[in-house]
Structure formats: C-alpha cells, structure tokens
Amino acid sequence: MESIQFDEIITLGQFLKHEGIIGTGGEAKWFLQENEVFLNGEPEYRRGKKLHDGDELDLGDAGRYRIEYPK
C-alpha cells in the first residue's frame, strides 16, 4: 500500500486525477462505474466523496493507497 500526502482535504475524483489514473475530472464518473473501488473496505461510487486522514483506497489493478494529511 502506498501512502499519499496532501495539504488539504480532496475528493475521490481529485485523487484519481492527481494520481494519473484518469485524465480529466469528467472521467471519474466513468471510472467509478466501470471499476470496483473500495474506501476503508466499503464500496464507493461517489466521485465527490471527501477523503480523510487515514482513509484506505483499494482501486484494484490501479493500486492501494493510504491518504495522509500533515498534522
């Protein structure tokens, strides 16, 4: 699992774009419909879902990530 640090709270769609998994924000909806995404072990389909410190994302073949914010 890879840890990724951000300075401020971001959404799932912003995360996907930041990591280069999608090219544009508009692709987030498509990506979430076509791929199983789990946030803290639960299915997640909302591109606007805010990611909090310690959240774990499982994007299947696209990787597993832990979200961190400076304290």
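Heads up: the structure comes first, above all this text.
Definitions and limits used
Residues numbered from 1 in each chain as written. Predicted model: local features only at pLDDT ≥ 70, side-chain atom pairs only at ≥ 80, totals over all residues. Heavy atoms only, no water. Pairing = 2+ DSSP bridges. Helix = DSSP H or I, 4+ residues; strand = E, 2+ residues; numbered from the N terminus. Phe/Tyr/Trp six-rings, centres within 6.5 Å; stacked < 30°, edge-to-face > 60°. Buried < 20%, exposed > 50% of the residue type's maximum accessible area, 1.4 Å probe, protein only. Polar contact = N/O pair within 3.5 Å; in protein donor to acceptor, adjacent residues only side chain to side chain. Contact = heavy atoms within 4.5 Å.

A. Looking closely at the sheet that holds strand S4 (residues 42–43). Ordered in space as S1-S7-S6-S3-S4, the five strands form an open sheet in which the pairing is mixed. Both edges of this open sheet fall to strand S1 (2–5) and S4, since each of them pairs with a single strand only.

B. Fine view of the packing of aromatic side chains. Evaluated as defined, the whole model comprises two aromatic pairs. Plain terms: the ring middles of Phe6 and Phe15 are 6.1 Å apart, the flat faces sit at 70 degrees to each other, and that makes the pair edge-to-face. The class for Phe6 is buried, based on a relative accessible area of 7%. Classification of Phe15 by relative accessible area gives buried; the value is 0%. Counting every residue linked through ring pairs, the aromatic cluster contains Phe6, Phe15 and Tyr65.

C. The side chain of Glu44, seen in detail. Tracing the sequence through the fold places Glu44 in the loop between S4 and strand S5 (50–51). Exposure remark for Glu44: the relative accessible area of 7% places this residue in the buried category. A polar side-chain atom of Glu44 sits 2.7 Å from a polar atom in the side chain of Arg46. Excluding anything up to four places from it in sequence, Glu44 contacts Leu12, Leu32, Val37, Leu39 and Lys49.

Functional significance is not addressed by these values, which are geometric in nature.
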